Amino acid sequence: MRFGVVTLFPELLDAFLAAGVVGRAVKNSSIEVQLENPRNHTVDGHRTVDDRPFGGGPGMVMKAEPLGRAIQAVKQSMPLAKTIYLSPQGRPLTQAMLRDWSKLPGIILVAGRYEGIDERVIQRHIDEEVSIGDYVLSGGEVAAMVIVDGVSRLLPGVLGHPDSAAEDSFGEDGLLDHPHYTRPEWLDDLEGASDATEHEDTRSVPAVLLSGDHKLIAQWRRDAAIKRTWERRPELLANATISVAERKQIEQLNRAGRDGATEPQQVEKNEQDH
Ligand code: 6GU
């Protein structure tokens, strides 16, 4: 898979492309990343990449010509790539989109800075505008890294274990992940540790995980994933792959949640922060 990233700050990606899962994917040529700086596509002495917005107002806008030339330079080396502009106005990113894109030969990611980019660049060069969430960042570079990471780890041979990507939270089944534990079996109280969990055992590991009974362990993990999704992201259950028996389990949780003393869940409307 080939990635192109068009950015005024290519150095922001250097450490990201050198470390961890993505770093390994670069080193073993599972992915190839071309960084292209619009600054290198200016023709004026000041190497100007931004200008004041027509119509007035605060902030600056990325100029069309250097940005357009940088995108074209990347397209030349990856003619079959999909070109994505990162902005809060875009379509919200999902795991399903990352899965689709992992089958493409190439992805060109255009990171804006300032108040935005000249709209004509979007009209001429962009296949899709994508947002990574309902908040505002100073530029698209972090979002570009999100996409490079999320797509790369879905490529064959990039993760160590072939099941690793399939067993993720938001894997094929659309559920959140179950909790994870490793050694030691018993964790002593630490000086200064939080007492916010006084009603929960934060020292031991659920006994079933030490039982060696793989069928029972798989069942516990499945239950835990469903319970967590129900508690934290109930709206995901509508599209999750769930058996009839598990649907009944969820209805049971809903009844207990309504009648019992547990926290009421919020399903109707998301909180707005203003
Ligand atoms: Cl993709 N870019 C920027 N600049 N801000 C964002 C975003 C993208 N997604 C959410 N906020």
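Shown above is the structure to which this text applies.
Only a predicted model underlies this, so the values are computations on that prediction, with no experimental measurement involved.

Remarks on the sheet that holds strand 5 (residues 82–92)
Stage number 1. Judged by pairing direction, the sheet is parallel, and its five strands sit side by side in the order 2-1-6-5-7 without closing on themselves. Sheet topology places strand 2 (32–36) and strand 7 (128–131) at the edges, where each strand pairs with a single neighbour. Geometrically, the sheet is characterised by an average inter-axis angle of 30 degrees between neighbouring strands, direction not taken into account.
Stage number 2. As judged from the five bridges shared by strand 5 and strand 7, these two strands associate in the parallel manner. Its bridge partner lying in strand 7, I84 is registered against E128.
Stage number 3. Sheet strands touched by helix 6 (residues 141–152): strand 1 (2–6), strand 5, strand 6 (106–111) and strand 7. Its angle to strand 6, the strand with the most contacts, is close to 160 degrees.

Digging into the site of the ligand
Stage number 1. The environment of the ligand is formed by L86, S87, P88, V130, S131, I132, G133, Y135, L137, G139, G140 and A143.
Stage number 2. In the model, a nitrogen atom of the ligand is placed 3.2 Å from a nitrogen or oxygen of the L137 main chain.
Stage number 3. Look at the ligand: alone it shows 290 Å² of surface, and the protein chains cover 96% of it.
Stage number 4. Those elements that provide at least two residues to the shell around the ligand are strand 5 and strand 7.
Stage number 5. Counting residues per element, the shell around the ligand draws most heavily on strand 5, which supplies three residues.
Stage number 6. Of the residues belonging to the shell around the ligand, the class tally is seven nonpolar, five polar and no charged.

Some remarks on the pattern of salt bridges
Stage number 1. Across all of its chains, the model carries 12 salt bridges by this definition.
Stage number 2. Of the charged contacts in the structure, one is a salt bridge between R2 and E32, with a shortest N-O distance of 3.4 Å. Of this pair, R2 sits in strand 1 while E32 sits in strand 2, and the two are 30 residues apart along the sequence.
Stage number 3. With a relative accessible area of 47%, E32 lands in the partly exposed category.
Stage number 4. Salt bridges sharing common partners tie together K82, R91 and E128.

Quick look at helix 6
Stage number 1. Taking 1.5 Å per residue, 12 residues should reach 16 Å; helix 6 reaches 16 Å between its end C-alpha atoms and fits that length.
Stage number 2. The element helix 6 is largely enclosed, with a buried count of nine among its 12 residues.
Stage number 3. Where helix 6 is concerned, the buried positions are E141, A143, A144, M145, I147, V148, G150, V151 and S152.

A few points about the pairing of strand 1
The two faces of a sheet get side chains in turn, since along a regular strand they alternate between them.
Stage number 1. Burial within strand 1 is extensive, with four of its five residues counted as buried.
Stage number 2. For strand 1 and strand 2, the ladder comprises five bridges, and the chain directions are parallel. The residue bridging G4 from the neighbouring strand is Q34, located in strand 2.

So, the environment of Y135
Stage number 1. Looking at where Y135 falls in the secondary structure, it is placed in the loop between strand 7 and helix 6.
Stage number 2. Owing to a relative accessible area of 42%, Y135 belongs among the partly exposed residues under this scheme.
Stage number 3. Engagement of the side chain of Y135 in a polar contact is seen with the backbone oxygen of I132, the distance being 2.6 Å.

Some remarks on the nonpolar core
Stage number 1. In terms of nonpolar packing, the biggest core is built from 25 residues, with W101 and L109 touching the most fellow members.
Stage number 2. Of all elements in the fold, only strand 1, helix 1 (14–18), helix 2 (20–27), strand 5, helix 4 (95–101), strand 6 and helix 6 reach the threshold of two or more residues within this core.
Stage number 3. Looking at this core, the element that brings in the most residues is helix 6, giving six residues.
Stage number 4. Leaving out residues up to four positions away in the same chain, L109 has contacts with F3, G4, V5, V6, I84, L86, A144, I147 and V148.
Stage number 5. Counting 18 residues, the second-largest nonpolar core is a separate cluster that includes M62, A64, V74 and Y85.

Thoughts on unusual backbone geometry
Stage number 1. Here R183 and P184 are connected by a cis peptide whose omega angle stands at 5 degrees.
Stage number 2. In this fold, P184 is placed in the loop between helix 6 and helix 7 (214–232).
Stage number 3. Residues other than glycine seldom take positive phi values, yet Y114 does so here, at roughly 60 degrees.
Stage number 4. Along the chain, Y114 turns up in the loop between strand 6 and helix 5 (119–125).
Stage number 5. Judged by its relative accessible area of 34%, Y114 is partly exposed.

Overview of the environment of P234
Stage number 1. Along the chain, P234 falls in the loop between helix 7 and helix 8 (244–259).
Stage number 2. The sequence separation of P234 and I250 amounts to 16 residues, and the corresponding C-alpha distance is 9.9 Å.

Rules behind the numbers
Residues numbered from 1 in each chain as written. Predicted model: local features only at pLDDT ≥ 70, side-chain atom pairs only at ≥ 80, totals over all residues. Heavy atoms only, no water. Pairing = 2+ DSSP bridges. Helix = DSSP H or I, 4+ residues; strand = E, 2+ residues; numbered from the N terminus. Axes fitted to C-alpha atoms, helices over the stretch in contact; angles between N-to-C directions. Contact = heavy atoms within 4.5 Å. Near = heavy atom within 4 Å. Polar contact = N/O pair within 3.5 Å; in protein donor to acceptor, adjacent residues only side chain to side chain. Areas by Shrake-Rupley, 256 points an atom, 1.4 Å probe, with all protein chains shown as cover. Nonpolar A, V, L, I, M, F, W, Y, C, P; charged D, E, K, R; others polar. Salt bridge = Lys/Arg side-chain N within 4 Å of Asp/Glu carboxyl O. Buried < 20%, exposed > 50% of the residue type's maximum accessible area, 1.4 Å probe, protein only. Expected span 1.5 Å × (residues − 1). Core = buried A, V, L, I, M, F, W, Y, C linked by side-chain atoms within 4.5 Å.

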